[in-house]
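Structure assessment
Residues per chain, in single letters:
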Amino acid sequence: AQTVTQSQPEMSVQEAETVTLSCTYDTSESDYYLFWYKQPPSRQMILVIRQEAYKQQNATENRFSVNFQKAAKSFSLKISDSQLGDAAMYFCGIHNNNDMRFGAGTRLTVKP
Amino acid sequence: KAGVTQTPRYLIKTRGQQVTLSCSPISGHRSVSWYQQTPGQGLQFLFEYFSETQRNKGNFPGRFSGRQFSNSRSEMNVSTLELGDSALYLCASSLVGTGSYEQYFGPGTRLTVT
């Protein structure tokens, strides 16, 4: 079974600063997809960024980028120039063979 | 295009009762997954349905069951409710075959068991 571990239950960042959220995973598969989802307070979860395991290049989406280390099974999310609207729960997830698993989440607080 | 909808949004039940939650996926999405979200456990996968067949199941007791209809709408049922079943139940749909595996989440049903 695939597992995802987010070791930081809570993180805090100053507005305009950079923060990195950690995620490690375990899978026996070589082909899979990794995701970061964001769940703002009382709002629906939305996809932040996606990484295909077969791609060596780290995915980026505007201020969001990942550091994908396949050998270490690590998939961290970096948020640059943090904004108040980035405050949310962030979930790391892995998808393979119709199986999607998420970590416990990291609550990000953005201080003005 | 309408998003994923879940009904009801809030529910209060008593221990021992049963409950049925409904999820309507985005039009054209044939895969529907269910998750239980609690503060301590995060998002836990319940099951996934595709074309009316359960393709995958998480580690939950048999009290949790689901089904999918021919129009891709899905229901999940929890029988003999326990206090620990209080949670936000999320449904997500995805468009199979695109290779993206992105899931689109509904707003959730908040279940409180007293």
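Here the structure is shown first, and the text comes after it.
These figures come from a predicted structure and were not determined experimentally.

**Here's the deal with the overall build of chain A**
Secondary structure assignment for chain A yields zero helices and twelve strands. When the elements of chain A are put in sequence order from the N terminus, they spell out β-β-β-β-β-β-β-β-β-β-β-β. By the compact-globule yardstick of 13 Å for 112 residues, chain A fits well, its C-alpha radius of gyration being 13 Å. Residue burial in chain A is summarised as follows: out of 112 residues, 50% are buried. As displayed, chain A has an accessible area near 5600 Å², and 42% of this comes from carbon and sulfur atoms. Taking the average place of the 11 positive charges on the side chains of chain A and the average place of its 11 negative ones, the gap between the two points comes to 2 Å.

**Structural notes on the pattern of salt bridges**
Residue and element names in this part refer to chain B. Counted by the stated rule, this structure contains ten salt bridges over all chains. E48 is the salt-bridge partner of R55, the closest N and O atoms lying 2.8 Å from each other. A relative accessible area of 3% means that E48 is categorised as buried. Two residues, R67 and E75, come together in a salt bridge whose shortest N-O distance is 3.2 Å. Taking the relative accessible area as the measure of exposure, R67 reaches 46% and is therefore partly exposed. Salt bridges sharing common partners tie together R63, E82 and D85.

**A closer look at the interface of chain B and chain A**
Across the boundary between the two partners, chain B contributes 22 residues, which contact 18 residues of chain A. Together chain B and chain A conceal approximately 1700 Å² of surface at their shared face, both sides included; 53% is due to carbon and sulfur atoms. Of all residues in chain B, the largest losses of buried area upon contact with chain A belong to L43(B), Y101(B) and F105(B), amounting jointly to 34% of the total for that side. Between chain B and chain A we count four residue pairs in polar contact (both at pLDDT 80 or more) in total. When contributions to the side of chain B that touches chain A are tallied by element, the ones reaching two or more residues are β4 (31-38), β5 (42-50), β6 (53-57) and β9 (87-94) of chain B. Here the element with the most residues in the side of chain B that touches chain A is β5(B); it accounts for four residues. In the side of chain B that touches chain A, the residues fall into nine nonpolar, nine polar and four charged.

**Focus on the pairing of β5(B)**
Residues and elements named next belong to chain B. Summarising burial for β5: eight of the nine residues are buried, a large majority. Looking at chain direction, β4 and β5 are connected through eight bridges and run antiparallel. In the sheet register, Q36 faces β5, and the bridge partner there is Q44. Between the end of β4 and the start of β5, which pair antiparallel, lie three residues. Relative to β6, β5 runs antiparallel, the two sharing four bridges. Within β6, the residue paired with Y49 across the bridge is Q54. The turn linking β5 back onto β6 is made up of two residues, and S51 within it adopts a positive phi angle of 50°.

**Considerations on the state of the cysteines**
Residues and elements named next belong to chain A. Scanning the model with the defined rule gives two disulfides over all chains in all. Across a sulfur-sulfur distance of 2.0 Å, C23 and C92 are joined as a disulfide pair. Taking the sign of the S-S torsion, about -70° here, the bridge from C23 to C92 comes out left-handed. A residue pair is termed long-range when its members are at least 10 positions apart, and C23 in the loop between β3 (19-21) and β4 (24-26) and C92 in strand β10 (residues 88-96) qualify at 69 residues. Judged by its relative accessible area of 2%, C23 is buried.

Conventions we followed
- Residues numbered from 1 in each chain as written.
- Chains lettered and ligands numbered in written order.
- Predicted model: local features only at pLDDT ≥ 70, side-chain atom pairs only at ≥ 80, totals over all residues.
- Heavy atoms only, no water.
- Helix = DSSP H or I, 4+ residues; strand = E, 2+ residues; numbered from the N terminus.
- Rg over C-alpha atoms; globule rule 2.2 N^0.38 Å.
- Buried < 20%, exposed > 50% of the residue type's maximum accessible area, 1.4 Å probe, protein only.
- Areas by Shrake-Rupley, 256 points an atom, 1.4 Å probe, with all protein chains shown as cover.
- Lys, Arg positive; Asp, Glu negative; His and termini not counted.
- Charge placed at Lys NZ, Arg CZ, Asp CG, Glu CD.
- Salt bridge = Lys/Arg side-chain N within 4 Å of Asp/Glu carboxyl O.
- Contact = heavy atoms within 4.5 Å.
- Buried area = accessible area lost by both parts, 1.4 Å probe.
- Polar contact = N/O pair within 3.5 Å; in protein donor to acceptor, adjacent residues only side chain to side chain.
- Nonpolar A, V, L, I, M, F, W, Y, C, P; charged D, E, K, R; others polar.
- Pairing = 2+ DSSP bridges.
- Disulfide = S-S within 2.5 Å.

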